[in-house]
Amino acid sequence: MNDNNTATGSEIDAVTDPEAALEALRVELDRVDRTLLEGVRDRLALCTRVAELKQQHDIAVLQPGRMQLVQRRARDYADRHGLSAEFVRELYDLLIEEACRVEDLIVAGGEKTAPGDLDDTVSAEHRS
Ligand SMILES: C=C(O[C@@H]1C=C(C(=O)O)C=C[C@H]1O)C(=O)O
């Protein structure tokens, strides 16, 4: 184990107890998944604040230039880190689509939402 208490590549190669090694990796995977979901939730919470600003100042929800910038940045990241460009594009298509859906709800409803208080704003899909 390293200082972060995580398994390194060579340790995985040398395992004598594959079940224990699998479990250790799954514990790490679960931690990454939690961080990932918290990131998605934080992103959507920020989008509710963007939506409130847009609603108050009559700004269009759809901002194609900004969407292109976000997608281009994600593609550059994928290139630099050896991720599939198609996967990252589809991932950001989904994230942006959901952001626009949430923004639409707020702009159409004229709702005031506390940052991070998505559960009161968006449908039950987000509650789990
Ligand atoms: C969040 C915004 O609204 C929409 C959602 C975007 C996103 O999820 O990154 C980008 C552009 C917008 O159409 C924004 O205008 O910044």
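An unreviewed UniProt entry annotates the chain as Chorismate mutase family protein originating from Rhodococcus artemisiae.

Participant: Could you give an account of the overall build of the chain, naming the residues involved and the relevant values?
Facilitator: Scanning the chain from terminus to terminus reveals five helices and zero strands. In the chain, the succession of α and β elements from N to C terminus is α-α-α-α-α. Looking at the chain as a whole, 21% of its 128 residues qualify as buried. When the accessible surface of the chain is totalled, it reaches about 9,300 Å², and 54% of it is carbon and sulfur.

Participant: Describe the site of the ligand, and please don't skip the residues or the numbers.
Facilitator: Arg43, Lys54, Val61, Gln63 and Glu103 are the nearest of the 14 residues found near the ligand. Note that an oxygen atom of the ligand is positioned 2.8 Å from one of the side-chain N or O atoms of Arg43. Within the backbone of Val61, one N or O atom sits 3.0 Å away from an oxygen atom of the ligand. In the complex, the protein chains occlude 91% of the 360 Å² of accessible area that the ligand would expose alone. Put simply, the parts of the chain that give the shell around the ligand at least two residues each are helix H2 (18-56), helix H3 (64-81) and helix H4 (85-109). Residue composition of the shell around the ligand, by class: nine nonpolar, one polar and four charged.

Participant: Which residues make up the nonpolar core, and what values go with them?
Facilitator: Soluble globular proteins tend to bury their nonpolar side chains together. Membership of the largest hydrophobic core is limited to six residues, which are Leu44, Cys47, Ala51, Ala99, Val102 and Ile106. Setting aside anything within four residues of it in sequence, one finds Ala99 in contact with Arg43, Leu44 and Cys47.

Participant: How would you explain H3 if you had to name every residue and give the values?
Facilitator: Over its 18 residues, H3 extends 26 Å from the first C-alpha to the last, a length consistent with the 26 Å expected when each residue adds 1.5 Å. What H3 keeps buried is the set Val70, Gln71, Ala74 and Ala78. Angular distribution of buried residues about the axis of H3 spans 95°; they occupy a single face of the element. Looking at H3, the residues exposed on the side facing more than 90 degrees away from the buried face are Gln68, Asp79 and Arg80.

Participant: How would you explain the state of the cysteines if you had to name every residue and give the values?
Facilitator: The tally for this structure, following the rule as stated, stands at zero disulfides. Between Cys47, a cysteine without a disulfide, and Cys100, which holds the nearest cysteine sulfur, the sulfur-to-sulfur distance is 7.9 Å. By relative accessible area, which is 11% here, Cys47 ends up buried.

Reading the values: the criteria
- Residues numbered from 1 in each chain as written.
- Predicted model: local features only at pLDDT ≥ 70, side-chain atom pairs only at ≥ 80, totals over all residues.
- Heavy atoms only, no water.
- Helix = DSSP H or I, 4+ residues; strand = E, 2+ residues; numbered from the N terminus.
- Buried < 20%, exposed > 50% of the residue type's maximum accessible area, 1.4 Å probe, protein only.
- Areas by Shrake-Rupley, 256 points an atom, 1.4 Å probe, with all protein chains shown as cover.
- Near = heavy atom within 4 Å.
- Polar contact = N/O pair within 3.5 Å; in protein donor to acceptor, adjacent residues only side chain to side chain.
- Nonpolar A, V, L, I, M, F, W, Y, C, P; charged D, E, K, R; others polar.
- Core = buried A, V, L, I, M, F, W, Y, C linked by side-chain atoms within 4.5 Å.
- Contact = heavy atoms within 4.5 Å.
- Expected span 1.5 Å × (residues − 1).
- Arc of directions from axis to C-beta.
- Disulfide = S-S within 2.5 Å.

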